Amino acid sequence: MPIEFTFTPEQEAFRQAVRGFLDKEVAPIVAAMDEREEFPQATVRRMQEEGYFGVPIPEAYGGLGLGKVGYAILLEEVGKVDASHGTILGAHTSLGTTPLLYYGTEEQKRRWLAPAARGEQLLAFSLTEAGSGSDSGAVRTKAEPHGDGWKVTGSKLYVSNGKEADAVILIAATDPARGPEGGITAFVVDTDLPGFSVGRCEKKMGLHGTSTAELVLDGVELGPDRVLGEVGHGFRVAMTALDVGRVSLGAASLGGMEAAASAALAFAQQRMQFGRPIAEYEAIQFKLADMAMRIQALRYLVYHAAARQDDMGTDPAQWGRLARQEKTREAATVKCLASEWASEVIDEALQIHGGLGYLRGTPIERAYRDARISEIFEGTNEIQRLVVARDLLLRGI
Ligand SMILES: Cc1cc2nc3c(=O)[nH]c(=O)nc-3n(C[C@H](O)[C@H](O)[C@H](O)COP(=O)(O)OP(=O)(O)OC[C@H]3O[C@@H](n4cnc5c(N)ncnc54)[C@H](O)[C@@H]3O)c2cc1C
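Residues numbered from 1 in each chain as written. Predicted model: local features only at pLDDT ≥ 70, side-chain atom pairs only at ≥ 80, totals over all residues. Heavy atoms only, no water.

Take the overall build of the chain next. Scanning the chain from N- to C-terminus turns up 11 helices and 10 strands. For a compact globule of 397 residues, the expected C-alpha radius of gyration is about 21 Å, and the chain comes in at 21 Å, within 12% of that figure. Looking at the chain residue by residue over its 397 residues, the buried ones come to 54%. Long-range pairs, those at least 24 residues apart, make up 75% of the contacts in the chain between residues at least 6 apart in sequence. Summed over its atoms, the accessible surface of the chain is roughly 17300 Å², and 54% of this surface lies on carbon and sulfur atoms. With 42 positive and 54 negative side-chain charges, the chain shows a separation of 2 Å between the mean positions of the two kinds. (Helix = DSSP H or I, 4+ residues; strand = E, 2+ residues; numbered from the N terminus. Rg over C-alpha atoms; globule rule 2.2 N^0.38 Å. Buried < 20%, exposed > 50% of the residue type's maximum accessible area, 1.4 Å probe, protein only. Contact = heavy atoms within 4.5 Å. Areas by Shrake-Rupley, 256 points an atom, 1.4 Å probe, with all protein chains shown as cover. Lys, Arg positive; Asp, Glu negative; His and termini not counted. Charge placed at Lys NZ, Arg CZ, Asp CG, Glu CD.)

Right, dumping it as structure tokens:
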């Protein structure tokens, strides 16, 4: 694995195209979206038309074929503009399409992955339940054999895109006594099936453009073709998707940090107090320097992890144990550091803005509310530290 790499001209061109698109079409609507707490239907539709909901998916399955590095570029740029759009993209792409791309049969890829990558269908991923958050192996939504397929009963919580999704990657217990070791299975579930309904949608501190929905499954009947990967191996499917998600969360956090730091720098250079721009005071300079150092470090971490995921390919059967462990530890490291650094950088950027930073409707105030969740979802940072600690106890630092 090379330590250094440069972006290809194709990747640079993609970044410029995304940036132009976001400035023109997304940046102007995010303040109103946040205030109204509305899913940004029109801009999501436009991003689907541009192919942005299938960036890492091979062209053969309707994607742009730009891999995880291309996907990180997209999320870094989106993260600069709005975390809600980043979350909608991430829930669909990292958590929704990864199980289909990595574990789906050819038929499942044609039926669910290709329309999702082309932007015709929106996906969600549903693992969390009332009694099963960090302890994600304790899911109780039950899939029981029914004819040649399954009948699913239970309820899931906090599903991003849950209200809007056309299909959901659902993690259910097929043998609750066995838990994550053989007792959990991943399914792809169309949301228009009888017995499937959307329950309560949560009001949140931030991410006002996203839905966070309860899903109710009341005897939903699924054919055998809805199982992703092997029966009983769904926990691994979920963890593989989360490894991808944790790196993409890092990319979106990187973008959020860059936008906040740039805004703080510009503000500090023009805001006069005591007869000078506040950027001339060392207390402010040190804050800006700390921001820049975190951004530089995170940029390496994110793109190294994304490039490793590209190198490993999308067939889990080809992965050795060591490569799998390194990938998981690296994803946990990126997620944990990115989310904490983003919270710190955005907090300090808000501080540099003084009272203005606290006013409702400013980009820095929205970023502050939006950033906090990254320390919690896709596995809390306490859980990321457990993942890293377990690995270092086995393999060393
Ligand atoms: C806005 C939002 C969007 C979300 N989107 C999705 C989604 O799309 N799909 C989905 O499936 N889920 C989603 N979630 C759920 C999210 O992943 C969980 O909230 C998260 O994993 C934590 O679970 P919990 O809330 O049950 O907290 P708990 O697991 O109850 O944790 C409470 C506290 O205890 C700590 N803790 C727990 N166990 C340990 C331990 N062993 N050691 C040390 N500390 C521990 C935790 O770190 C945390 O600080 C979303 C949540 C939110 C708020």
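This part takes up the domain arrangement of the chain. Here the chain is described as being made up of domain 1 (9-122), domain 2 (124-228) and domain 3 (234-395). On a C-alpha basis, the centroid separation for the pair domain 2 and domain 3 is 28 Å. If you look at the interface, domain 2 gives 15 residues, while domain 3 gives 15 residues. Buried surface at the junction of domain 2 and domain 3, summed over both partners, amounts to about 1100 Å²; 72% is from carbon and sulfur atoms. On the surface where domain 2 and domain 3 come into contact, there are three residue pairs in polar contact (both at pLDDT 80 or more). (Domains from an automatic or database assignment. Buried area = accessible area lost by both parts, 1.4 Å probe. Polar contact = N/O pair within 3.5 Å; in protein donor to acceptor, adjacent residues only side chain to side chain.)

The next subject is the site of the ligand. Taken together, 18 residues sit near the ligand, with Thr128, Ser134, Tyr158, Thr380 and Glu382 positioned nearest. At a separation of 2.6 Å, an oxygen atom of the ligand approaches a polar side-chain atom of serine 134. One of the side-chain N or O atoms of serine 160 is found 2.9 Å from a nitrogen atom in the ligand. For the ligand, whose accessible area on its own is 980 Å², the fraction buried by protein is 64%. A total of three residues in the shell around the ligand trace back to one element, the largest contributor, which is strand S3 (residues 149-160). Broken down by class, the residue content of the shell around the ligand amounts to eight nonpolar, seven polar and three charged. Of the domains in this structure, domain 2 (124-228) and domain 3 (234-395) are the two that each give at least three residues to the shell around the ligand. (Near = heavy atom within 4 Å. Nonpolar A, V, L, I, M, F, W, Y, C, P; charged D, E, K, R; others polar.)

This part covers the packing of helix H5 (residues 83-103) against helix H7 (residues 234-270). Following both chains from N to C, one finds H5 and H7 inclined at 130°, their axes separated by 8 Å at the closest point. In terms of orientation, H5 lies oblique with respect to H7. Our pair here, H5 against H7, has a crossing hand that is right-handed. Together, Ser94, Leu95, Thr98, Pro99, Tyr102 and Tyr103 of H5 and Arg236, Val237, Thr240, Ala241, Leu242, Val244, Gly245 and Ser248 of H7 make up the contact between the two elements. Broken down by class, the residue content of the contact of H5 with H7 amounts to eight nonpolar, five polar and one charged. (Axes fitted to C-alpha atoms, helices over the stretch in contact; angles between N-to-C directions. Parallel < 35°, antiparallel > 145°, perpendicular 65-115°, else oblique. Left-handed = near helix turned anticlockwise from the far one by under 90°.)

Here we come to the nonpolar core. Counting residues in hydrophobic clusters, the biggest one holds 58 residues, and the most contacted among them are Phe14, Leu22, Met47, Tyr52, Leu74, Met291 and Ile352. Lining this core are residues from two domains, each supplying at least three of them: domain 1 (9-122) and domain 3 (234-395). The contacts of tyrosine 52, once residues within four sequence positions are left out, are Phe14, Ala17, Val18, Phe21, Met47, Leu74 and Leu89. By size, the runner-up hydrophobic cluster in this structure holds 30 residues, among which are Leu113, Leu127, Ile169 and Ala241. (Core = buried A, V, L, I, M, F, W, Y, C linked by side-chain atoms within 4.5 Å.)

Scanning the entire structure with this criterion turns up five aromatic pairs. Residues tyrosine 102 and tryptophan 319 carry aromatic rings whose centres are separated by 5.9 Å and whose planes lie at 70° to one another, so their mutual orientation is edge-to-face. Of this pair, tyrosine 102 sits in helix H5 while tryptophan 319 is found in the loop between helix H8 (282-312) and helix H9 (321-352), placing the two residues 217 residues apart along the sequence. Here the two residues tyrosine 102 and tryptophan 319 agree in accessibility, since each one is buried. (Phe/Tyr/Trp six-rings, centres within 6.5 Å; stacked < 30°, edge-to-face > 60°.)

A few words on unusual backbone geometry. The residue asparagine 161 is not glycine, and still its phi comes out positive at about 70°. Under the relative-accessibility criterion, asparagine 161 is labelled buried at 0%. Notably, glutamate 378 is not glycine yet its phi reads approximately 60°, a positive angle. The topology assignment puts glutamate 378 in the loop between helix H10 (363-371) and helix H11 (381-395).

Looking at the element boundaries, glutamate 344 is found in helix H9. C-alpha of glutamate 344 to C-alpha of methionine 257: the two residues are 87 residues apart in sequence and 8.9 Å apart in space.

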